[in-house]
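If you want the building blocks of each chain, they are given just below.
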Amino acid sequence: MDRKIGNNIYVVRGVGAILIIIYHFSVYYQETFGKLHIEFNFAYLTFPIPMFFLLSAFFLYPKAKEIKSFINLIIYRMQRLYPMYWIAVIFSSLIRTMGNENISFVRILCNLTMIEDVFGVEQIDGAYWTMFYELMLLLILALCCVVKINKVKLIERPVYLCYIWLILGTMGCFLMKILQIDSSSMSVLMLGSRYIPMFVIGILFYERYIKNNISTKPFVGLLIYCGLFQIFFNSWIQSIYSYVAVLICWIIISGKVKNNLLFNNKVLIYLGRISYNIYLTHNQFGRICIASLGVIVIVQNNIAYRILLCILIGIISIFISIFFSYAEKYIYKKLKKIQFSPIRNG
């Protein structure tokens, strides 16, 4: 992949992470800690969520094509996702316990799996709900390394892969609507639930703009299918968020962005690189700041103080995320030393 496009994607991820932090530290915290009386509302800043799903597929799909092994792909991805996630879950549990919340050991264990929804257990940190869908993406791509069509692995046939996934997802959505089943409890059967179009588009963008392996007709046809899927199985506002996310990613990945100050910003590029750690840690450090500094918000009836508090929380979260990034590098070095012998592709 062209390094410039890679850096542009990091910038988009960095900006997206900042927007999600602002959302959580305004709207979400207002709902959770109503006493803060925050007078500003950024409820529309959640549109980066479908963008993150799109980019997850964009980056994981080529790795799956390279590995072509169910077990090896699972091991590779779990080494990337789980170590820092486990640390974050334990850290979040400690923070909430220190805040006089009763967090059971069973709840912690279930959260460590990333599939706590399957067990009907509440997340330790509400932001972690997206991890379940990341596992669904991994499972589908890993299965595509096994399933073959005309003796060719499905992972090597992106158009077939996308159509099959969308059709199965459509059938699952209709079934859930008919049976009036909550999507969060049936995400496994949904093969990725309502975010299937984002995963599919991530694969399409990689094959179209990085490898140039998909012609115009199937590319446009699949995009239309994804658009209709969004309209039928999601709310209008969620569909708009998804369309905005797709447009932003298309502009970046297709190389429409030329050199400018924003996409050459090293700070944003770095934030994009550590966006996973920002995602894992920002909520709990926000809780710490709310607990220790929230009195400022209550006493001072001035919106400037509220904005200052959110900025302060954001800065602290980013610094802590940087610390976690160094810990992440250390853990990965150790994992490489104890890594199992790779299984031959076949």
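This text follows the structure it describes.
Residues numbered from 1 in each chain as written. Predicted model: local features only at pLDDT ≥ 70, side-chain atom pairs only at ≥ 80, totals over all residues. Heavy atoms only, no water.

Describe the overall build of the protein chain, naming the residues involved and giving the relevant values.
Check the secondary structure of the protein chain and you find twelve helices and two strands. The linear arrangement of helices and strands in the protein chain, starting from the amino end, is α-α-α-α-α-β-β-α-α-α-α-α-α-α. Buried residues in the protein chain amount to 50% of all 346 residues. Taking contacts inside the protein chain between residues at least 6 apart in sequence as the whole, the part at least 24 apart equals 73%. (Helix = DSSP H or I, 4+ residues; strand = E, 2+ residues; numbered from the N terminus. Buried < 20%, exposed > 50% of the residue type's maximum accessible area, 1.4 Å probe, protein only. Contact = heavy atoms within 4.5 Å.)

Run through the packing of helix α3 (residues 70-98) against helix α5 (residues 130-144), naming residues and quoting values.
One way to put it is that α3 packs onto α5 with a least axis distance of 9 Å and a crossing angle of 165°. In terms of orientation, α3 lies roughly antiparallel with respect to α5. Note that α3 runs across α5; the crossing there is right-handed. Along the contact surface, α3 presents F70, L73, I74, R77, L81, Y82 and Y85, while α5 presents M131, E134, L135, L138, L141, A142 and L143. Looking at side-chain class alone, the contact of α3 with α5 contains twelve nonpolar, no polar and two charged residues. (Axes fitted to C-alpha atoms, helices over the stretch in contact; angles between N-to-C directions. Parallel < 35°, antiparallel > 145°, perpendicular 65-115°, else oblique. Left-handed = near helix turned anticlockwise from the far one by under 90°. Nonpolar A, V, L, I, M, F, W, Y, C, P; charged D, E, K, R; others polar.)

So what's going on with the packing of α3 against helix α4 (residues 105-112)? Residues and values would help.
Interhelical geometry of α3 versus α4 gives an angle of 155° and a closest axis separation of 10 Å. Taken together, α3 and α4 sit at an angle that is classed as roughly antiparallel. Relative to α4, the crossing made by α3 is right-handed. On the side of α3, the interface is formed by Y82, Y85, W86, V89, S93 and R96, while α4 contributes R107, I108, N111 and L112. Along the lines of polarity and charge, the residues of the contact of α3 with α4 split into six nonpolar, two polar and two charged.

Describe the side chain of N277, naming the residues involved and giving the relevant values.
Locating N277 in the fold gives a position in helix α11 (residues 275-299). Residue N277 is classed as buried on the basis of its relative accessible area of 1%.

A description of the nonpolar core should follow, citing residues and the corresponding values.
Inside soluble globular proteins, nonpolar side chains tend to come together where they are buried. Core analysis: the largest hydrophobic core is formed by 84 residues, its most contacted members being L73, Y85, L141, L161, W165, F205 and Y276. Broken down by element, the residue count for this core peaks at eleven residues, all from helix α2 (residues 48-67). Leaving out residues up to four positions away in the same chain, L141 has contacts with L60, Y61, A64, L73, I155, L161 and I203. (Core = buried A, V, L, I, M, F, W, Y, C linked by side-chain atoms within 4.5 Å.)

Tell me about the pattern of salt bridges, residues and numbers included.
One side chain can pair with another of opposite charge once the charged atoms of both are near each other. If you walk through the whole model with that rule in mind, you get five salt bridges. For E66, the salt bridge goes to K63, with nearest N and O atoms at 3.6 Å. Of the two residues, E66 and K63 are both situated in helix α2; the distance of three residues between them amounts to about one turn of the helix. Among the ionic pairs, E122 bridges to R107, the shortest N-O distance being 3.8 Å. Remark: R107 occurs in helix α4 and E122 occurs in the loop between α4 and α5; sequence separation between them is 15 residues. (Salt bridge = Lys/Arg side-chain N within 4 Å of Asp/Glu carboxyl O.)

Residue-level account of the packing of aromatic side chains, with values.
On inspection of all chains with the given rule, the structure shows 22 aromatic pairs. Taken together, a centroid distance of 5.5 Å and an interplanar angle of 75° make the contact between F53 and F199 edge-to-face. One end of the pair, F53, is in helix α2; the other, F199, is in helix α7 (residues 196-210), and 146 residues separate them in sequence. For the pair shown, F53 and F199 are each scored as buried. Lying across the ring of F219, R208 places its NZ or CZ 5.1 Å from the centre. (Phe/Tyr/Trp six-rings, centres within 6.5 Å; stacked < 30°, edge-to-face > 60°. Lys NZ or Arg CZ within 6 Å of the ring centre and 35° of its normal.)

Quick rundown of α5? Include the residues and the values.
End to end, α5 covers 22 Å across 15 residues, agreeing with the expected 21 Å (1.5 Å per residue, within 8%). A large share of α5 lies buried, amounting to 13 of its 15 residues. (Expected span 1.5 Å × (residues − 1).)

Describe α3, listing the residues and the values that go with them.
Between the first and last C-alpha of α3 there are 41 Å, a value that for 29 residues agrees with the 42 Å anticipated at 1.5 Å per step. Phi turns positive one or two residues past the end of α3, at N100, with a value near 65°.

Outline a nonpolar patch on the surface, listing residues and values.
A contiguous nonpolar surface patch, about 720 Å² in accessible area, is contributed by V220, I224, L228, I231, F232, W236 and Y243. Looking at the nonpolar patch, the elements that each hand over two or more residues are α8 (216-233) and α9 (236-253). Sort the elements by how many residues they give to the nonpolar patch and α8 lands first, with five residues. Residue I231 is classed as partly exposed on the basis of its relative accessible area, which comes to 34%. (Patch = residues over 30% accessible without salt bridge, like charges linked within 9 Å, V, L, I, M, F, W, Y side chains within 5 Å. Areas by Shrake-Rupley, 256 points an atom, 1.4 Å probe, with all protein chains shown as cover.)

I'd like to hear about the environment of K68, residue by residue, with values.
Locating K68 in the fold gives a position in the loop between α2 and α3. Residue classification places K68 among the partly exposed residues on the basis of a relative accessible area of 30%. Remark: the alpha-carbon pair of K68 and I155, spanning 87 residues in sequence, is separated by 7.5 Å. Within the structure, K68 has its side chain in polar contact with the side chain of E156 (distance 2.8 Å). (Polar contact = N/O pair within 3.5 Å; in protein donor to acceptor, adjacent residues only side chain to side chain.)

Tell me about unusual backbone geometry, residues and numbers included.
Even without being glycine, K68 reaches a positive phi, approximately 55°. Phi is positive for N150, which is not a glycine, with a value near 55°. Topologically, N150 is positioned in the loop between β1 (148-149) and β2 (152-153). Of the residues examined, N150 reaches a relative accessible area of 64% and is grouped as exposed.

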